[in-house]
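# Report on the structure
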Amino acid sequence: MTAGRVYLDYNASAPLRPEVVEAMLRVLTASGNGSSVHREGRAARAAIEEARAKVAALVGAGGGKLVFTSGGTEANALALSPDVRVRGFGGRGGNTPPSRCFIGATEHPSVLAGGRFPAEAVTVVPVDGNGVVDLAWLAERLGADAEGWPFVSVQMANNETGVLQPIAEIARLVHGADGVLHVDAVQAAAKMPIDFSTLGADMLSLSAHKFGGPQGAGALIYNPGVDLGPSLLRGGGQESGHRAGTENLAAIVGFGAASEIAFGEIDHYMMAMAAMRDEIERHVRQVLPNLVVFGADVRRLANTSAFAIPGVKAETLVMAFDLAGVAVSSGSACSSGKVRPSHVLAAMGVAPTVAEGAVRISLGWANRDEDVERFASAFASVTRKLSPRRQGDRAA
C-alpha cells in the first residue's frame, strides 16, 4: 500500500499480509520440485500438502478434494464442464452428462461465460431488484428439465454489491432435481464463515488474493463423488491429474498462510468490517440523503458497499477519489477500465442513468477507523465538486 493513501478496493485484490510474505520468502529459494522423490522434492511436497490442508480448513472442506489453480477464473472454468459426472449421490448424475447449465444473472464474468459448456446449453437465472436469485423461477425450470440432470453455478457473494445468495435453499432445489451445484466463493471466503461439509455445494471456487494471499493462486474444492473430467491443462499428473504443470510452490504456501490467518480472524473481521461499512454508509447518506445503496435491504458481505450518485459518471468519481488519495472501484476489477454498464446492476433492473454512477467500496484486513474518516472527507469534497444538484445550488 502506498504511504498516505487509503485503499478501499479489497474485492479487486487485497494487499499481501506481512505474514504471507514471510511464508513465501521462506520457500522462494527452495530448489525442490514437489514431484521429485529426493529430500528437496519431499520438502516441497510437504509444504504443498500443508497449504492444501490449511485452505481446506478455511472453508470446512476436510472431507473434500482440492485442486490448486492459478486463481478463481481457472477454478470456475475447471468446474463448468459438460464432462462433469457424479457418482454415489443417490439418483444424481451417474455416467450421463448434464443436460443444461444454469448460471445466475449477476455472476462473475468467468462464470457468466458458461465455462466449457456450449452457449446453447446455458440458461441464465434472473435475480430480483436486490440481486438475489429468483428461487421460484429456478425451481420451475429445474422441475421442467426432463432430459437429464442440471448443472447449476451461483456465486455465494457478489463481487460488486456484496449481496449473498441463499445457497442452502438453492442446493435443496438443485439436489431435488438430481443436479449438481457449483458455488463461486471467491468473494465470500475468509469474509464470512463457510462450511463446505454442510453448505450443500458439490464444488467450491476460491482465490487467495481476495483476502491477503498472493495473486495467481486459487483452488477448486469438490466432493469425492464428483468426476471433473478432462483437465484444462494436459501433461503431467500433478494435482491428481486435474492440472498439469509444476505447482507454484511460493504462491500455494502463501495461499495456505493467508487461509490460516483468516480462519482465526473471521468473527472479529466480520464485526470490524460491518462497523466500518455502516459508518461509511452513514457518512455518504449524510452528504447525499437520496443516494442509492445497492442490496442494502438483503444480506451482504460485511466489507462491501456499492452506491450510485445519479448524474455523475463512475469513472469520473473513481478518478476524483484517486486524486484525493483514496482507491475505490467502479465495479468488478475484470471490467474496470472498460466503459460499459454493469451487467450486475442491469440484471437487478437498475436504470442505466443510475448504474453509470455506481461506485464500490470494499474493506479489508489493513483498514482502520481513520481510513473511514479519510474517505468521508474525500467523499464530501468530491461530491461537492461533482454532484449536479450541488453544482446547481452553488450556481443559484
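Note that the coordinates shown come from a computational prediction; the quantities given were computed from them, not determined experimentally. (Residues numbered from 1 in each chain as written. Predicted model: local features only at pLDDT ≥ 70, side-chain atom pairs only at ≥ 80, totals over all residues. Heavy atoms only, no water.)

On to unusual backbone geometry, then. Phi is positive for Ala190, which is not a glycine, with a value near 75°. Assignment of secondary structure puts Ala190 in the loop between strand 7 (180-184) and helix 7 (196-199). The class of Ala190 is buried, set by a relative accessible area of 7%. (Helix = DSSP H or I, 4+ residues; strand = E, 2+ residues; numbered from the N terminus. Buried < 20%, exposed > 50% of the residue type's maximum accessible area, 1.4 Å probe, protein only.)

What follows covers the sheet that holds strand 14 (residues 358-362). Reading across the sheet, the three strands line up as 11-12-14 and stay open at both edges, with antiparallel pairing between neighbours. At either margin of the open sheet sits one strand with a lone partner, and together these are strand 11 (292-293) and strand 14. Note that strand 12 (residues 304-308) and strand 14 share five bridges and pair antiparallel. Note on strand 14: the bridge partner recorded for Ala306 is Arg360. (Pairing = 2+ DSSP bridges.)

The next point concerns the packing of aromatic side chains. Summed over the entire model, instances satisfying the criterion amount to eight aromatic pairs. Pairing Phe117 with Phe151 gives two aromatic rings, centres 5.4 Å apart and planes at 50°, and the pair type is tilted. One end of the pair, Phe117, is in the loop between helix 4 (109-112) and strand 5 (122-125); the other, Phe151, is in strand 6 (residues 150-155), and 34 residues separate them in sequence. Overall, Phe117 belongs to the buried group, its relative accessible area being 6%. What makes Phe151 buried here is its relative accessible area of 0%. (Phe/Tyr/Trp six-rings, centres within 6.5 Å; stacked < 30°, edge-to-face > 60°.)

Burial within strand 9 (residues 218-222) is extensive, with five of its five residues counted as buried. Bridge count between strand 2 (residues 65-69) and strand 9: five bridges; the pairing is antiparallel. For Lys65, the partnering residue across the bridge sits in strand 9 and is Tyr222. In the sheet, strand 8 (residues 203-207) pairs with strand 9 via five bridges, with the strands oriented antiparallel. What sits directly across from Met203, in strand 9, is Tyr222.

A few words on empty space enclosed by the protein. Inspection of every chain in the model, using the stated rule, returns two cavities of 30 Å³ or more. Computed from the structure, the largest cavity encloses a volume of approximately 90 Å³. Along the walls of the largest cavity sit 14 residues, with Arg17, Ala190, Phe211, Tyr269 and Trp365 positioned nearest its centre. By volume, the second largest cavity amounts to about 60 Å³. If you go around the second largest cavity, you meet eleven residues; those closest to its centre are Glu160, Ala306, Ser330, Leu345 and Ala358. In terms of residue count, the dominant contributor to the lining of the second largest cavity is strand 14 (three residues). Its residues placed into classes, the lining of the second largest cavity shows five nonpolar, four polar and two charged. (1 Å grid on protein atoms, 1.4 Å probe; cavity = no way out; pocket = protein on both sides within 12 Å on 5 of 7 lines; lining within 4 Å. Points joined across faces, edges and corners; volume = space filled by probe spheres on them. Nonpolar A, V, L, I, M, F, W, Y, C, P; charged D, E, K, R; others polar.)

So, on to helix 5 (residues 135-144). Within the sequence span of helix 5, burial applies to Trp137, Leu138 and Leu142. The buried residues of helix 5 occupy an angular sector of 125° when projected down its axis, which confines them to one face. In helix 5, the exposed positions that point more than 90 degrees away from the buried face belong to Ala136, Glu140, Gly143 and Ala144. In this structure, the buried side of helix 5 is in contact with strand 4 (100-104), strand 5, strand 6 and helix 6 (167-176). The residue sitting at the N-terminus of helix 5 and contributing the capping side-chain oxygen is Asp134; that oxygen lies 3.2 Å from the backbone nitrogen of Ala136. (Arc of directions from axis to C-beta. Contact = heavy atoms within 4.5 Å. Polar contact = N/O pair within 3.5 Å; in protein donor to acceptor, adjacent residues only side chain to side chain.)

Looking now at the confidence of the model for the protein. Summary statistics for the protein give a mean pLDDT of 91 and a share of 92% for residues scoring 70 or more. Segment residues 390-396 is flagged for pLDDT under 50; beyond a separation of four residues in sequence, or across chains, it makes eight contacts in the model. (pLDDT = per-residue confidence, 0-100.)

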